[in-house]
Amino acid sequence: MALDRNTAPNDLAAFWMPFTSNRQFKKNPRMFVGARDMHYTTADGRQVLDGTAGLWCCNAGHCRPLITEAISRQAAEMDYAPAFQMGHPSAFELANRLVDIAPAGMEHVFYCNSGSEAVDTALKIAIAYHRVRGEGTRTRLIGRERGYHGVGFGGISVGGIVNNRKYFGALLNGVDHLPHTHLPAQNSFVKGQPEHGAHLAEELERIVALHGPETIAAVIVEPMAGSTGVLMPPKGYLEKLREISSKHGILLIFDEVITGFGRLGAPFASQFFGVTPDMITCAKGLTNGVIPMGAVLTTAGVHDAFMQGPEQAIELFHGYTYSGNPIASAAGIATLETYKQERLFERAAELAPYWEEAIHSLAGKPHVIDIRNLGLIGAVELQPIPGEPTKRAFNAFLKAYEKGILIRTTGDIIAMSPPLIISKPEIDTLIGTLGEVLDSLD
Ligand SMILES: Cc1ncc(COP(=O)(O)O)c(C=O)c1O
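Thresholds applied
Residues numbered from 1 in each chain as written. Predicted model: local features only at pLDDT ≥ 70, side-chain atom pairs only at ≥ 80, totals over all residues. UniProt positions renumbered as here; feature names shortened; annotations may be inferred. Helix = DSSP H or I, 4+ residues; strand = E, 2+ residues; numbered from the N terminus. Rg over C-alpha atoms; globule rule 2.2 N^0.38 Å. Buried ≥ 20, exposed ≤ 12 C-beta atoms within 10 Å, placed from the backbone. Contact = placed C-beta atoms within 7 Å. Pairing = 2+ DSSP bridges. Axes fitted to C-alpha atoms, helices over the stretch in contact; angles between N-to-C directions. Expected span 1.5 Å × (residues − 1). Bend = angle between axes of the 7 residues up to and from the residue.

- For the chain, an unreviewed UniProt entry supplies the name Omega amino acid--pyruvate transaminase and the organism Frigidibacter mobilis.
- Recorded under Sequence similarities (unreviewed entry), the UniProt text for the chain is reproduced unchanged: "Belongs to the class-III pyridoxal-phosphate-dependent aminotransferase family."
- Taken directly from UniProt, the Cofactor (unreviewed entry) text for the chain runs: "pyridoxal 5'-phosphate".

Structure below.
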């Protein structure tokens with residue numbers, strides 16, 4: 001029986017929605033039933049301009065032909081192949097293409113199915129890496145306050161968003177956190193990377209001195225922190241983290257689940273900032289958000305440390321049923337091809353100055369206490385309503401949706417990260433409509 005996709009479901013109770021105010025949503029549901037290029041179509045037939053690339057993932061826009069064709073072709077040709085002790089060509093082809101666009105030195109790819117799994121995979125590889133090299137005391141992991149590394153136990157342990165941690169028990173032990181880099185008194189309304197805050201990377205020296213370098217496996221940070229509300233790294237900060245971690249034999253992991261695939265105008269943020277970590281986690285834009293897939297990119301040094309012992313021995317006791325799934329791999333190849341054919345990373349870089357001017361034109365709007373931007377990402381921070389944190393921004397989100405733009409909010413911060421195919425007139429519409437929304441807020 002054909003499903004009528006435009007018929008609203010008559011019972012919303014069964015689906016327990018993720019990171020959603022379920023009761024509020026189900027009283028007044030917001031349903032998307034179609035998508036193409038820069039727009040979603042709602043169940044009541046309205047067009048909504050996508051200001052967030054879905055959830056920071058549809059970097060090439062929606063329902064792009066190369067990707068949809070590749071998925072249906074692969075599904076018809078070979079739906080699934082076992083991921084352990086068997087292979088299929090697409091997974092290898094995608095790995096090679098990823099290495100081609102990755103920062104020099106990143107030579108291997110380990111697949112998983114999401115950003116959360118990529119993070120847990122990278123943390124496990126880091127601890128195991130030291131162990132296979134005879135440094136089994138290096139088990140500690142260092143994250144950062146306000147960091148978001150997904151929702152696995154590893155990710156929430158190194159993450160620093162309080163609500164994502166406090167309900168879930170003791171988490172991993174042996175974890176410490178760097179301070180976050182948000183310094184509103186010095187850096188508000190700065191365009192691009194802030195001047196102040198590089199010294200906060202020196203906190204890593206303090207943590208190393210406290211625990212001893214021989215106990216620390218890895219440091220993980222988002223090169224640009226997205227989910228906490230878009231915090232740019234202060235100038236010199238990432239360079240200093242790299243220097244200190246190298247000095248102490250600690251692996252540096254960049255979580256590029258948001259910044260990967262052109263968001264800042266280079267394939268990865270590490271190229272944009274000119275700082276190369278030992279591992280990169282990615283997901284989201286890897287398949288344009290179309291099919292779940294994540295990956296960890298590693299240097300030869302990390303990978304080769306495992307390639308020892310008898311040849312028939314499994315080198316890393318880790319992996320997923322869907323690691324390198326054929327349909328996800330086909331989607332990944334077609335996504336990278338779309339980025340390349342349409343020069344979308346270059347396009348993001350070219351549009352960035354226009355985006356910067358547009359978003360900063362909102363300074364002076366009611367309740368706006370900060371605006372931040374880099375590449376094709378931006379945030380507008382609002383003064384919270386006294387005693388009702390998050391409400392003002394959430395009201396902005398609801399009004400924006402009614403007016404035909406999709407934005408995202410965390411706390412009282414509005415975040416935007418449009419598909420890289422956005423045009424200048426569409427930037428004007430997005431920012432102009434957001435301006436009207438801000439004008440109308442209590
Ligand atoms: C930096 C970062 N890491 C990890 C994740 C988790 O990804 P997923 O939701 O695919 O598990 C996200 C998701 O937003 C992210 O922004």
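## Notes on the overall build of the chain
Argument step 1. Tallying secondary structure elements over the chain gives 16 helices and 15 strands in all.
Argument step 2. Against the 2.2 N^0.38 benchmark of 22 Å for 442 residues, the chain shows a C-alpha radius of gyration of 22 Å, consistent with a compact globule.
Argument step 3. By its C-alpha atoms, the chain is 65 × 60 × 45 Å across when sized along the principal axes.
Argument step 4. Taken over 442 residues, the chain has a buried fraction of 47%.
Argument step 5. By sequence separation, contacts in the chain at least 24 residues apart represent 73% of the contacts at least 6 residues apart.

## Here we look at the sheet that holds strand β9 (residues 279–282)
Argument step 1. Pairing within the open sheet is mixed, and its seven strands lie in the order β4-β10-β9-β8-β7-β5-β6. The sheet is open, and its two edges are formed by β4 (106–112) and β6 (175–178), each paired on a single side. Pairwise comparison of adjacent strand axes, ignoring direction, gives a mean angle of 20° for this sheet.
Argument step 2. Across six bridges, β4 lies against strand β10 (residues 294–299) in antiparallel orientation. Bridging from a neighbouring strand, tyrosine 111 pairs with alanine 295 of β10.
Argument step 3. Each of β5 (140–144), β6 and β7 (216–221) is contacted by helix α9 (residues 203–211), which is oriented at about 155° to β6, the strand it contacts most.

## A few points about the environment of threonine 139
Argument step 1. You can see threonine 139 is positioned in the loop between α5 (115–132) and β5.
Argument step 2. Taking the C-alpha atoms as reference, threonine 139 lies 9.5 Å from leucine 123; in sequence the two are 16 residues apart.
Argument step 3. The residues touching threonine 139, leaving out its near neighbours within four places in the chain, are Ile127, Gly174, Thr215 and Ala217.

## Brief notes about helix α14 (residues 344–360)
Argument step 1. If you check α14, its first and last C-alpha atoms are 23 Å apart, about what 17 residues at 1.5 Å a residue would give, namely 24 Å.
Argument step 2. Bending of α14 peaks at approximately 40° at the position of alanine 352, with proline proline 353 no more than four residues after it.
Argument step 3. Among all positions in α14, only Leu344, Phe345, Ala348, Leu351, Trp355, Ala358 and Ile359 are buried.
Argument step 4. On its buried side, α14 packs onto α13 (326–341), β11 (368–374), β12 (377–382) and α16 (424–439).

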